[in-house]
Amino acid sequence: MSRIGKMPVAVPAGVDVKIDGNMVTVKGPKGTLSRNIKPEITVVQEGAELIVERKDDDKTSRSLHGLTRTLVANMVTGVTAGFTKELEINGVGYRCAKKGKDLDLTLGFSHPVIVTDTDDIKTEVPSPNKIVVTGIDKQKVGQFAAEIRRIRPVEPYKGKGIKYAGEFVVRKEGKAGKGKK
């Protein structure tokens, strides 16, 4: 039995869960999320908890058990608290600014890079060197943050670029020049 899969998912007050066959819909104060569940897995609501069960002991069923439980738990967390990713910008002259729904990035290119917020993903700029990506879907928040990071990833010599908050970048030593004779 999957250790993660057998744990129940607590459904807080104010969250409405609707299970229609293989479709699980979670509605909360921040929005609504839906996910289609594989037929090998069933989700049952018992009171204020969701129980994820598998139909048999096949290898695919066992592998989907914990995954499905985690996906459902992330849906409940997303509609109640939401998810955030923080990005930091390092480098001389590198900065960001928010202009309406657009994120204006100055990253050493000959032109500014504009990234537009989507309907379900929002960005905030608390300081010129920090970007906060927020949303209710964990996968979309992570993907959007990764796309921003991909514009100018951190290079290992000077540490310039966009990185996740708390990410450790292994620094390299520069080329050793010839000494004076």
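Structure first, text after, so check above.
Here the structure is a predicted model, which means the values were calculated and not measured.

Engineer: Help me understand the sheet that holds strand 2 (residues 16–20), please; the structure alone is not making it clear to me.
Structural biologist: Note on sheets: strands pair through backbone hydrogen bonds, and any given pair is parallel or antiparallel. Read from one edge to the other, the open sheet built from 3 strands follows the order 2-3-4, with strand pairing classed as antiparallel. A strand with exactly one partner marks an edge of an open sheet, and here the two such strands are strand 2 and strand 4 (31–36). Strand-to-strand twist across the sheet, computed as the mean angle between neighbouring axes with direction ignored, equals 15°. Relative to strand 3 (residues 23–28), strand 2 runs antiparallel, the two being bridged by 5 bridges. In the strand pairing of strand 3, Ile-19 is matched with Val-24. Of the strands in this sheet, strand 3 and strand 4 touch helix 1 (residues 59–80), which is tilted by about 170° from strand 4.

Engineer: Explain the side chain of Asp-117 here, please?
Structural biologist: Secondary-structure assignment places Asp-117 in the loop between strand 10 (113–116) and strand 11 (121–127). Of the residues examined, Asp-117 reaches a relative accessible area of 8% and is grouped as buried. Beyond its immediate stretch of four places on either side in the chain, Asp-117 contacts Lys-98, Lys-101, Lys-122, Thr-123 and Phe-144.

Engineer: Is there a simple way to think about the environment of Val-24 in this case?
Structural biologist: Of note, Val-24 is situated in strand 3. By relative accessible area, Val-24 is classed as buried at 1%. Spatially, the C-alpha atoms of Val-24 and His-65 are 15 Å apart, while their sequence positions differ by 41 residues. Not counting residues up to four positions away in its chain, the partners in contact with Val-24 are Val-17, Lys-18, Leu-33, Ser-34, Arg-35, Ile-37, Val-43 and Met-75.

Engineer: I keep staring at the sheet that holds strand 7 (residues 83–90) and nothing clicks. Help me out?
Structural biologist: Spatially, the 4 strands line up as an open sheet ordered 11-12-7-13, and their pairing is antiparallel. Single-partner strands in this sheet number two, and they are strand 11 and strand 13 (161–164). Across the sheet, the mean angle separating the axes of adjacent strands is 25° when strand polarity is ignored. Examined bridge by bridge, strand 7 and strand 12 (residues 130–135) share 6 bridges and lie antiparallel to one another. Within strand 12, the position partnered with Lys-85 by the bridge is Val-133. Helix-sheet contacts for helix 2 (residues 138–151) involve strand 7, strand 11, strand 12 and strand 13, and the interaxial angle to strand 7 is about 10°.

Engineer: Can you walk me through helix 1 in this structure?
Structural biologist: In an α-helix there are 3.6 residues to a turn, and that puts residues three or four apart on one side. In this model helix 1 runs 33 Å from its N-terminal to its C-terminal C-alpha over 22 residues, within 8% of the 32 Å that 1.5 Å per residue would give. At His-65, helix 1 shows its largest bend, some 30°. Those residues of helix 1 not exposed but buried are Ser-61, Leu-64, His-65, Gly-66, Thr-68, Arg-69, Val-72, Ala-73, Met-75, Val-76, Gly-78 and Val-79. Buried residues in helix 1 make contact with strand 1 (9–10), strand 3, strand 4, strand 5 (41–46), strand 6 (49–54) and strand 7. Just beyond helix 1, the residue with positive phi is Gly-82, at close to 85°.

Engineer: Can you walk me through the side chain of His-65 in this structure?
Structural biologist: In this fold, His-65 is placed in helix 1. On the accessibility criterion, His-65 (0% relative accessible area) is buried. For His-65, the side chain forms a polar contact with the main-chain oxygen of Val-52, separated by 2.9 Å.

Engineer: What should I look at first to understand the pairing of strand 5 in this one?
Structural biologist: A regular strand places its side chains on the two faces of the sheet in alternate fashion. One ladder, built from 6 bridges, connects strand 5 with strand 6; its direction is antiparallel. What sits directly across from Val-44, in strand 6, is Ile-51. As consecutive antiparallel partners, strand 5 and strand 6 are separated by 2 residues, and within that stretch Gly-47 has a phi angle of approximately 70°, a positive value.

Engineer: Mind showing me how you'd approach the pattern of salt bridges here?
Structural biologist: Pairing is possible between side chains that carry opposite charge, provided their charged atoms lie close to one another. With the rule as written, the count across this model stands at 8 salt bridges. Lys-98 is paired through a salt bridge with Asp-117; the nearest N and O atoms lie 2.4 Å apart. A residue pair is termed long-range when its members are at least 10 positions apart, and Lys-98 in strand 8 (residues 95–99) and Asp-117 in the loop between strand 10 and strand 11 qualify at 19 residues. Note that Arg-149 is salt-bridged to Glu-167, the shortest N-O span being 2.7 Å. Residue Arg-149 is found in helix 2, and its partner Glu-167 is found in the segment after strand 13; the two are separated by 18 residues along the sequence. Look at Glu-167 and you get partly exposed, because its relative accessible area is 24%.

Scoring rules and cut-offs
Residues numbered from 1 in each chain as written. Predicted model: local features only at pLDDT ≥ 70, side-chain atom pairs only at ≥ 80, totals over all residues. Heavy atoms only, no water. Pairing = 2+ DSSP bridges. Helix = DSSP H or I, 4+ residues; strand = E, 2+ residues; numbered from the N terminus. Axes fitted to C-alpha atoms, helices over the stretch in contact; angles between N-to-C directions. Contact = heavy atoms within 4.5 Å. Buried < 20%, exposed > 50% of the residue type's maximum accessible area, 1.4 Å probe, protein only. Expected span 1.5 Å × (residues − 1). Bend = angle between axes of the 7 residues up to and from the residue. Polar contact = N/O pair within 3.5 Å; in protein donor to acceptor, adjacent residues only side chain to side chain. Salt bridge = Lys/Arg side-chain N within 4 Å of Asp/Glu carboxyl O.

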